[in-house]
Amino acid sequence: MMDTGFYRAFENRFRGSRELIASRLRAYLPFLHPLKSTTNTLRAVDLGCGRGEWLELLRDEGFTAEGVDSDEGMLAACVQRQLNVHLGDAIAFLNELHDDSVHVVSAFHVVEHIPFEALQQLVKQAMRVLAPGGLLIMETPNPENLQVGAHTFYMDPTHRRPIPPALLAFLSEYCGFERIKILRLQEPSRLHDPGAVGLVDVLCNVSPDYAVIAQKKGGHALLARFDDAFNRSFGLTLERLAGQHDAQGDEARAAIGDSAKAAAERAEAARQLAEDAFKSATDARQFADDTMQVVHQMNSVLQDLRANVVEQAQKSAQDAQSAIQQARAEAAELRAANAELQLQVRHYQRLTQAYEQQISELLHSTSWRATAPLRAVKDKAASLASAIKRLTKASKDTAARSTGALRATAPIGAPRFSEAPTKRSVDQIITRIDDEIRASNSDQARK
């Protein structure tokens, strides 16, 4: 026999806190509220009431609620909260109730603990005791959730076997209930939002609990008050979640196909781009080779030009040196000629001064016969003076050319020094002057 405190400790560990269970039970309120408009006195019976969370909610909603359970340890929590509870067998308690005397019969996580024959009796007795339009609520683990059906269901040592939702719904229908609603409960809320559905969701996150709500036949107006609640959708089926996963897989495969096609197109574009790049690189390499060849040719031409320039520069330097040496030689010759010319000019200047002095004395003489011969040579003397002036000018020009020749340094376009007055031309002028003087002296002697 099981320890009386074990099951309460087990529920506290694995079912969840009172607050959590109470929040989950509020999912049934849309089915309770229409009952409030049918009568002022609402009665509810909770089979296997456990810690009493549902009894508290019924009391808060205005129901006269009482519970029954066979576990004293579980009932102790209800007694602490001053809930109306009974220790005993749930079906036996139900059998003692009057027909049409109750508005709600509930059994939360009870049906999986009893044999199927007892379950049939439970449903039949609920059908009897419920008032018209009354509700039978049976919540149990959902074997559509593969993890629940294969694993977590067997965590409770008092569980017999899972009951599929369709079986429990059919049993209610078979026992005469007017309409049946299956509520799938406690699935992760994120699965109701758009997003990815993984394989773990399909295996583990289908609604872990479900409930069958069966309503007893009643008047049309009475049942119509419950239409909104019965028409609502609750929870996630295995088929729906698996379908979402498959559709997502189809979309993923289609996306992969599109991505593969796009990748193939990009690969083809990349291959074409690579070919174009290779061709461009080949053209660039050929261009570089051609350019290097041109550069080598230009370097060769530049080297030849450099050699020619150096050769021409050396030749020009040699020509300039020769021209400078020639200019210096001609300048030295001109300086020597000029010095000799200066000496002769000074000599003839002295002679001229002596002649002028003599002529002046004779011209001022009172003797006409004495001055007559001098008048005859007056023109000759004038000619002689003019010749001496020209000789002086020639001397100055010769000196200037000599100086210019010495200043010339450029080999190209240098003046030809041989074109300047030479010693020979100076000698010719002096000879002509001497001839005129001798001729003048002869005429004077004859006269």
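None of these values were measured; they are calculated from a predicted model. (Residues numbered from 1 in each chain as written. Predicted model: local features only at pLDDT ≥ 70, side-chain atom pairs only at ≥ 80, totals over all residues. Heavy atoms only, no water.)

Focus on the packing of aromatic side chains
Alright, step 1. Counted under the stated rule, the structure contains seven aromatic pairs.
Alright, step 2. A centroid spacing of 5.0 Å and a plane angle of 55° characterise the contact between Trp54 and Phe108, whose relative ring orientation is tilted. On the criterion of sequence distance, the pair formed by Trp54 in helix H4 (residues 53–60) and Phe108 in strand E4 (residues 102–108) is long-range, its members being 54 residues apart.
Alright, step 3. The rings of Tyr28, Trp54 and Phe108 are connected pair by pair, giving a single aromatic cluster.
Alright, step 4. One Lys or Arg, Arg179, reaches over the ring of Phe230 and ends 4.4 Å from the middle of that ring. (Phe/Tyr/Trp six-rings, centres within 6.5 Å; stacked < 30°, edge-to-face > 60°. Helix = DSSP H or I, 4+ residues; strand = E, 2+ residues; numbered from the N terminus. Lys NZ or Arg CZ within 6 Å of the ring centre and 35° of its normal.)

Let's talk about the sheet that holds strand E2 (residues 64–69)
Strand pairing in a sheet is mediated by backbone hydrogen bonds. Such pairs are either parallel or antiparallel.
Alright, step 1. The sheet built from seven strands is open, its strands ordered E3-E2-E1-E4-E5-E7-E6 with mixed pairing. Of all the strands in the sheet, just strand E3 (85–87) and strand E6 (179–185) have a single pairing partner and so form its edges. Put simply, the sheet's adjacent strands are angled 15° from each other on average, direction ignored.
Alright, step 2. Bridging between strand E5 (residues 130–141) and strand E7 (residues 209–215) involves seven bridges; their strand directions are antiparallel. (Pairing = 2+ DSSP bridges. Axes fitted to C-alpha atoms, helices over the stretch in contact; angles between N-to-C directions.)

Focus on the side chain of Glu66
Alright, step 1. Structurally, Glu66 can be placed in strand E2.
Alright, step 2. Owing to a relative accessible area of 12%, Glu66 belongs among the buried residues under this scheme.
Alright, step 3. Only 2.7 Å separates the side chain of Glu66 from the side chain of Arg43, close enough to count as a polar contact.
Alright, step 4. Among residues more than four places away in sequence, those in contact with Glu66 are Arg43, Ala44, Val45, Asp46, Leu55, Asn84, His86 and Phe93. (Buried < 20%, exposed > 50% of the residue type's maximum accessible area, 1.4 Å probe, protein only. Polar contact = N/O pair within 3.5 Å; in protein donor to acceptor, adjacent residues only side chain to side chain. Contact = heavy atoms within 4.5 Å.)

Structural notes on unusual backbone geometry
Alright, step 1. A positive phi angle is found at His109, which is not glycine, with a value near 55°.
Alright, step 2. With respect to the secondary-structure elements, His109 resides in the loop between E4 and helix H7 (116–129).

With respect to the pattern of salt bridges
Alright, step 1. Counted according to the given criterion, the structure contains 14 salt bridges.
Alright, step 2. The residue Arg128 makes a salt bridge to Asp99 at a minimum N-O spacing of 2.5 Å. Taken together, the residues span a long stretch of sequence, with Arg128 in helix H7 and Asp99 in the loop between helix H6 (90–95) and E4 at a distance of 29 residues.
Alright, step 3. When its relative accessible area of 25% is taken as the criterion, Arg128 is described as partly exposed.
Alright, step 4. Salt-bridge contacts for Asp227 lead to Arg179; the nearest nitrogen and oxygen are separated by 2.8 Å. Of this pair, Asp227 sits in helix H12 (residues 227–231) while Arg179 is found in strand E6, placing the two residues 48 residues apart along the sequence. (Salt bridge = Lys/Arg side-chain N within 4 Å of Asp/Glu carboxyl O.)

Some thoughts on the confidence of the model for the protein
Alright, step 1. Chain-level statistics for the protein give a pLDDT mean of 82 and a share of 82% at 70 or above.
Alright, step 2. Confidence drops under pLDDT 50 across residues 410–420; counting only partners more than four residues distant or on other chains, this segment forms 11 contacts. (pLDDT = per-residue confidence, 0-100.)

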